Amino acid sequence: MAAMCGPAAAEPASGFSALMSILAPQPGAKACYVRSYDAAHLRAHPKQRITAMKFLLGVKAYDPKTADKTGPDDLYYYTFSMSVARRGDKRLLTTAGDCQGGEGISCVVDCDGGSVALDKMPPADSLIVRLNDHGIQMFHDCDGGPVVWVKAGVDDKVFRLNKAAGDACKALDEPEE
């Protein structure tokens, strides 16, 4: 599950730097972002299926016995958990995976479960989550269990989430191993 967040180098890769600007690379650090769309917004965007989104970004440490300690991206990795509520679906859809750096930030679900892209936006308490055309799997299980794909639609491509207290993402927070 632990994906490398960038190549070893004297300076972290741009994507890892972007992750570090959102959340300091300290094991146990977490940042919660949420957005619930009100009825007026949804009336103005009738093709928007997503009615609410929560995104939890976290930092975990590689095992110090096996970590190649040449840079911060060799010591720590970023994880995410995400939930989505959609019109006409009473289920709360959830997924999780790792976030990787490169030219940007990509948060990926294992076993070809798709991804989302992240951008930090001013004000500092905002995060942009971008759905790509391929989408991201919810209820993902590498063993081939039932999944739901959430894909970009006419009004379901870019979401600005606001930073919230950690309690707002408590349901997404997995117990520490």
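A quick note: this is a predicted structure, and the numbers were derived from the prediction, not measured.

Colleague: When you look at the state of the cysteines in this model, what are you seeing that I'm missing?
Modeller: Disulfides are covalent bonds that link the sulfur atoms of two cysteine residues. For the structure on display, the rule yields two disulfides. Each sulfur in the disulfide pair Cys 32 and Cys 169 lies 2.0 Å from the other. On the sign convention where negative means left-handed, the S-S torsion of about 75 degrees between Cys 32 and Cys 169 marks this disulfide as right-handed. Taken together, the residues span a long stretch of sequence, with Cys 32 in strand 1 (residues 30–36) and Cys 169 in the segment after strand 9 (158–164) at a distance of 137 residues. No difference in accessibility class separates Cys 32 from Cys 169, as the two residues are buried. Between the sulfur atoms of Cys 99 and its disulfide mate Cys 107 the distance is 2.0 Å. Judged by the torsion about the S-S bond (100 degrees), the Cys 99/Cys 107 disulfide is right-handed.

Colleague: How should I be thinking about the pattern of salt bridges in this particular structure?
Modeller: Across all of its chains, the model carries four salt bridges by this definition. The salt bridge involving Asp 173 is made with Lys 30; its shortest N-O contact spans 2.9 Å. Here Asp 173, found in the segment after strand 9, pairs with Lys 30, found in strand 1; they are 143 residues apart in sequence, far enough to count as distant. Close ionic contact of Arg 86 with Asp 89 constitutes a salt bridge, the shortest N to O distance being 3.6 Å. One continuous salt-bridge network, built from bridges that share partners, spans Arg 86, Asp 89 and Arg 91.

Colleague: For this particular structure, what's the right way to read the pairing of strand 5 (residues 105–108)?
Modeller: Of the two faces of strand 5, the one holding Ile 105 and Cys 107 is buried and the one holding Ser 106 and Val 108 is not buried anywhere. The sheet contact formed by strand 4 (residues 89–101) and strand 5 spans four bridges and is antiparallel. Bridged to Gly 101 within strand 5 is Ile 105. With antiparallel pairing between neighbouring strands as the criterion, strand 4 and strand 5 make up a hairpin whose turn holds three residues. When strand 5 meets strand 6 (residues 114–121), the two strands line up antiparallel, connected through four bridges. Along strand 6, the bridge assignment pairs Cys 107 with Val 116.

Colleague: I tried to follow the confidence of the model for the protein on my own but got confused; where do I start?
Modeller: A low pLDDT means the predicted coordinates there should not be read in detail. Looking at the protein, pLDDT values average 82 and 81% of them are 70 or higher. Looking over the protein, one finds the lowest element-wise mean pLDDT in helix 3 (residues 72–75), namely 66, and the highest in strand 1, namely 95. Residue range residues 1–14 is modelled with pLDDT below 50. Its contacts to residues more than four positions away, or to other chains, number 35 contacts.

Colleague: What exactly am I supposed to notice about unusual backbone geometry here?
Modeller: Both trends apply: most residues other than glycine have a negative phi, and most peptide bonds are in trans. Positive phi, normally seen in glycine, also occurs at Cys 111, with a value near 60 degrees. Here Cys 111 shows up in the loop between strand 5 and strand 6. If you check the backbone angles, Asp 112 has positive phi at about 60 degrees while not being a glycine. Mapping Asp 112 onto the fold places it in the loop between strand 5 and strand 6. The exposure class assigned to Asp 112 is exposed, which follows from its relative accessible area of 70%.

About the thresholds
- Residues numbered from 1 in each chain as written.
- Predicted model: local features only at pLDDT ≥ 70, side-chain atom pairs only at ≥ 80, totals over all residues.
- Heavy atoms only, no water.
- Disulfide = S-S within 2.5 Å.
- Helix = DSSP H or I, 4+ residues; strand = E, 2+ residues; numbered from the N terminus.
- Buried < 20%, exposed > 50% of the residue type's maximum accessible area, 1.4 Å probe, protein only.
- Salt bridge = Lys/Arg side-chain N within 4 Å of Asp/Glu carboxyl O.
- Pairing = 2+ DSSP bridges.
- pLDDT = per-residue confidence, 0-100.
- Contact = heavy atoms within 4.5 Å.

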